[in-house]
Amino acid sequence: DLLRRAGRDVTILEARDRVGGRVWSVPSAAGATVDLGGQWFGPRQQRVRALVERLRLVAVETHQSGAMLYDVAGSVQRQAFAILPLPPFALLDLLQLQHRLGRLARDLPLRARWAEAAPALDAQSVHDWIEQHAWSAAGRAMLRSSLSESLCLEPEQVSLLDLVEQLRQCGGADGLATAERWFLPGGAQQLADGLARGLAGHIAFGQTVTRIAQDGSGVTVSTVYQVWRAQHVIVAVPPPLAPLIRYSPGLPVGQARLLERAQMGRIVKSVSVYPEAFWRTTGLSGGLISDQGAVAATLDASPPGGRPGVLVALTGGRRARRLAELSPATRRAVVQDRLRALFGPQAAKPVAYHDYAWADDPWAQGGYAARFPPNTLSQVGAGLGASFGRLHWAGSETADAWRSYMEGALQSAERAAAEVLRSEHHEHTAYSQSCR
């Protein structure tokens, strides 16, 4: 869209039969639209907010009034304040671990993510760091559980540098605390559809790119069915999918290694639709944090007034892998049984139910985003999002702000479009000078 508005001829090759990627909204019962992918945004996510305003969409505030449910260490409690019901020493331990992570994020150089300070952070996994700094078994277990859900991988699989950089990009705990402030009742896919309207006639669906070949005058992009010619190409796919494309010339060794080592997280998102948000009548917010079972967290995604009631359940990491292995019918039964145990018998009787295991999606292979194991980013992280000739990279993982969020996807698109325009300027300048 940015390039089109700059007067460039743009063609989008989309492997799916829809736009949006990991943003996906579907119609449901009772007039509801539910999001099976990215959904929420917060006050620090300026690009999403600006796009919502530009497209004249209606955003509503996530319902948070009432008590939270905490299912921690086998005990279910309801609290009107957002403090985990842990023993005092374990809670103190968790707070000091979070403070340490926040300090690491603040100290990470803004413009040198993988520079001098990075190797020490990148040499250890998140698991190793927790083991080194935790004071108590309960504090250690709680942080492991919460990070497994947010990273959608186990702490031993992810570099500490990857986590710290994510925290820095989002403004630390304060930024993350408000990241789920608003959502679009009509579905987040309205954002992608709104952008697509401005590119009507320039999107080719069902086009799986198999080869990208650069030469002195442009780029040839081959799909299963067709060959395309362009001056520049922007690749916006999850990093683990990028190596499936053949490149000529081949990618730089460091960049190729980086893409090959990327691992997509595992996430299952389940959405139950009810005639009304019945949990509100019992004083609950609809929010849940759980360190066990098939549901790790829930949020109330109902429209204003709570009719219909929409309860979103999220499960990441190891628990998501186990849940995704079940048949769709069994998975629904397990999730609904868990919700019934937490929210009461009404939770087992939705008028509609939807879920999606993103690891089963051939064009995503997981979510929320790709992560990197230890000793990767400090060695070859400079290749993340770096242009290679006429080839440029976009996608949430390449963002300099809010990586793994919709905001990050928009930021990466801005950066990639600016790179193309700068490259064109340099090419034009070089041609003009050669003609003198």
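A brief look at the structure comes next.

How each quantity is defined
Residues numbered from 1 in each chain as written. Predicted model: local features only at pLDDT ≥ 70, side-chain atom pairs only at ≥ 80, totals over all residues. Heavy atoms only, no water. Pairing = 2+ DSSP bridges. Helix = DSSP H or I, 4+ residues; strand = E, 2+ residues; numbered from the N terminus. Axes fitted to C-alpha atoms, helices over the stretch in contact; angles between N-to-C directions. Phe/Tyr/Trp six-rings, centres within 6.5 Å; stacked < 30°, edge-to-face > 60°. Buried < 20%, exposed > 50% of the residue type's maximum accessible area, 1.4 Å probe, protein only. Lys NZ or Arg CZ within 6 Å of the ring centre and 35° of its normal. 1 Å grid on protein atoms, 1.4 Å probe; cavity = no way out; pocket = protein on both sides within 12 Å on 5 of 7 lines; lining within 4 Å. Points joined across faces, edges and corners; volume = space filled by probe spheres on them. Nonpolar A, V, L, I, M, F, W, Y, C, P; charged D, E, K, R; others polar.

Time to look at the sheet that holds strand β11 (residues 227-230). Strand order in this open sheet of four strands is β11-β10-β9-β13, and the pairing throughout is mixed. At either margin of the open sheet sits one strand with a lone partner, and together these are β11 and β13 (246-248). Averaged over neighbouring strand pairs, the angle between their axes works out to 15° when direction is ignored.

Looking now at the packing of aromatic side chains. Scanning all chains against the criterion turns up 10 aromatic pairs. Relative to Trp 182, the ring of Phe 41 lies with its centre 5.7 Å away and its plane at 45°, an arrangement referred to as tilted. Highlighted residues: Phe 41 in the loop between β3 (33-35) and α2 (46-54) and Trp 182 in strand β7 (residues 182-183), separated in sequence by 141 residues. Using a relative accessible area of 3% as the deciding quantity, one classes Phe 41 as buried. Relative accessible area serves as the criterion here: at 18%, Trp 182 is assigned to the buried category. On the basis of an interplanar angle of 85° and a centroid distance of 5.0 Å, the ring pair of Trp 402 and Tyr 405 is categorised as edge-to-face. A residue is classified by how much of its surface remains accessible, and Tyr 405, at 24% relative accessible area, is partly exposed. Ring pairing ties together the aromatic residues Trp 24, Tyr 356 and Trp 358, which thus form one cluster. Over the ring of Trp 182 we find Arg 181, and its NZ or CZ is 5.6 Å from the ring centre.

In this section: empty space enclosed by the protein. Following the criterion strictly, the structure yields one cavity of 30 Å³ or more and no others. Of the pockets and cavities examined, the largest cavity occupies roughly 90 Å³. Pro 239, Leu 259, Leu 384, Trp 393 and Thr 398 are, among the 15 residues lining the largest cavity, the residues nearest its centre. In terms of residue count, the dominant contributor to the lining of the largest cavity is helix α10 (residues 253-261) (three residues). The class makeup of the residues in the lining of the largest cavity is eight nonpolar, six polar and one charged.

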